[in-house]
Amino acid sequence: MLKFFFSPQSCALASHIALEEAGADYEAVRVDFSKNEQRGAAYLKINPKGRVPALATDRGVLTETPAILFFIAQTHPAAKLAPLEDPFDLGRLQAFNAYLCSTVHVAHAHRMRGYRWADDPAAIDEMKRKVPQTVGDCFALIEAEMFEGPFVMGDAFTIADPYLFTLATWLEGDGVDPARFPKILAHRTRMAARPAVAKVWALHQ
Ligand SMILES: N[C@@H](CCC(=O)N[C@@H](CS)C(=O)NCC(=O)O)C(=O)O
């Protein structure tokens, strides 16, 4: 059975939703950030990066949201969470998730985790001040150029949808008005109504 390590309302929400959408057989294990459990010896044995999510499989532990999402899609083909037979569409899907992981999430992290990049409190404050602009710019690009609708990739629900949903739930906290992005906001509302999303969302409160 899969063992999924998560912390509420973190980026782990995306993979958690994907596990539910896939109908996966998994156990969810909560990592308590308030106790710094992600940096404790026990968790570092699971994920030496000290981050969530992590997915323990019978072949070892997977980390990094795009990799975990794709693993879930590949191991649960009946759920049709990725265009597995179409190399180009699969490439587009991976490009979308890579952008969320490498650019959007990192822009967001400058609000709470500026200490990763600077020691000077003034530099950390400056990074924090920039977050509404950098995160807002990322979402403006997604809204205008990348989001197809009604789902990220068009008509089919894929692993890009829970990932976009997760990052879109951070918008208000990042000082960005989601009303600027009508398509993404409608997607967020539609996603929240899905039974798998509602079930996982409740566990993340
Ligand atoms: N690139 C990783 C990022 C993982 C990550 O930064 N997770 C955050 C939560 S959203 C975390 O575990 N932070 C704990 C910490 O920084 O101590 C992914 O996409 O999975």
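Keep in mind the model is a prediction, meaning the values are calculated, not measured.

Novice: Pulling in residues and values, what's your account of the sheet that holds strand β1 (residues 2–6)?
Specialist: Strand order across the open sheet formed by four strands is β2-β1-β3-β4, with mixed pairing between neighbours. Across the chains shown, the open sheet's two edge strands, defined by having one partner strand only, are β2 (26–30) and β4 (60–63). Ignoring which end each strand starts from, the neighbouring axes of this sheet average 20° apart. Relative to β4, strand β3 (residues 54–57) runs antiparallel, the two being bridged by four bridges. Residue leucine 55 lies in a different strand from β4, and its bridge partner there is leucine 62.

Novice: Pulling in residues and values, what's your account of the UniProt feature "domain: GST C-terminal" (unreviewed entry) in the chain?
Specialist: Sites flagged by UniProt as "domain: GST C-terminal" (unreviewed entry) map to residues 86–205. In this annotation, residues 86–205 is assigned 68% helix and 0% strand; the end-to-end C-alpha distance for the span is 37 Å.

Novice: How would you explain the nonpolar core if you had to name every residue and give the values?
Specialist: Within the largest apolar cluster, 50 residues are counted, with the highest numbers of intra-cluster contacts made by Ala18, Leu69, Ile72 and Ile159. Examining the composition of this core, we find that seven residues originate from one element, helix α1 (residues 12–22), more than from any other. Two domains share this core, each providing at least three of its residues, namely domain 1 (2–80) and domain 2 (87–194). Setting aside chain neighbours within four positions, we find alanine 18 in contact with Leu69, Ile72, Leu81, Ile159 and Pro162.

The rules behind these values
Residues numbered from 1 in each chain as written. Predicted model: local features only at pLDDT ≥ 70, side-chain atom pairs only at ≥ 80, totals over all residues. Pairing = 2+ DSSP bridges. Helix = DSSP H or I, 4+ residues; strand = E, 2+ residues; numbered from the N terminus. Axes fitted to C-alpha atoms, helices over the stretch in contact; angles between N-to-C directions. UniProt positions renumbered as here; feature names shortened; annotations may be inferred. Core = buried A, V, L, I, M, F, W, Y, C linked by C-beta atoms within 7 Å. Buried ≥ 20, exposed ≤ 12 C-beta atoms within 10 Å, placed from the backbone. Domains from an automatic or database assignment. Contact = placed C-beta atoms within 7 Å.

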